[in-house]
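For reference, the chains in residue letters:
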Amino acid sequence: VYTIPCGINMPVMQQKDKSGDQNEVKIIWVGRIDERPKRVSDIPLIAKRLIDKKVNFSIEVLGDGPDKQSLMTQINEANLNTYIKLSGWKERGDLM
C-alpha cells in the first residue's frame, strides 16, 4: 500500500483485506468529486492510458461532489465501468 500525501495529517492506515489478484494495480482516489480544484476528469484518462499499456488495474473513487454525475457520464461513455468503481462517501475508518 502506497499513500500519496495530500497536505492533511492522516493516521497510518492498515490494509484490511488482502484478498484479490495480487498482480492487479489497485488505485484508490479519495476526495471531493469537483473538477476545477481536483481535476477528476483525469481519472478516465488515466484508465485509458493504463489499458493501452496493458496494465491489470482497478480504480475505486471514494467521495461525492458536484461533478459526480459528469464523472459517471465520462466513465460510461468510455466503457470504463469494469475498471472504475464509484463507491461514494466513506467514513475514514472504512477507507482501508
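Residues numbered from 1 in each chain as written. Predicted model: local features only at pLDDT ≥ 70, side-chain atom pairs only at ≥ 80, totals over all residues. Heavy atoms only, no water.

**Q** Looking at this structure, how should I read the pattern of salt bridges?
**A** Two side chains bearing opposite charge may form a pair once their charged atoms approach each other closely. Evaluation of the coordinates by the stated rule reveals 2 salt bridges. We note a salt bridge from Asp34 to Arg32, for which the minimum N-O separation is 3.2 Å. Under the relative-accessibility criterion, Asp34 is labelled buried at 16%. Judged by its relative accessible area of 40%, Arg32 falls in the partly exposed class. Arg39 is the salt-bridge partner of Asp42, the closest N and O atoms lying 2.9 Å from each other. Overall, Asp42 belongs to the partly exposed group, its relative accessible area being 22%. Assessed through its relative accessible area of 52%, Arg39 is described here as exposed. (Salt bridge = Lys/Arg side-chain N within 4 Å of Asp/Glu carboxyl O. Buried < 20%, exposed > 50% of the residue type's maximum accessible area, 1.4 Å probe, protein only.)

**Q** Could you clarify how one ought to interpret the environment of Asp34 in this entry?
**A** Summarising the element assignment, Asp34 is placed in the loop between strand S1 (25-30) and helix H1 (35-38). For the pair Asp34 and Ser70, spaced 36 residues apart in sequence, the C-alpha separation works out to 9.7 Å. (Helix = DSSP H or I, 4+ residues; strand = E, 2+ residues; numbered from the N terminus.)

**Q** When you look at helix H2 (residues 42-52) in this model, what are you seeing that I'm missing?
**A** Considered for burial, the residues of H2 that qualify are Ile43, Pro44, Ala47 and Leu50. Buried residues of H2, seen end-on, are gathered within an arc of 120° and therefore sit on one face of the element. H2 presents Arg49 and Asp52 as exposed residues on the side facing more than 90 degrees away from its buried surface. Where the residues of H2 are buried, they touch S1, strand S2 (57-62), helix H3 (68-77) and strand S3 (84-88). (Arc of directions from axis to C-beta. Contact = heavy atoms within 4.5 Å.)

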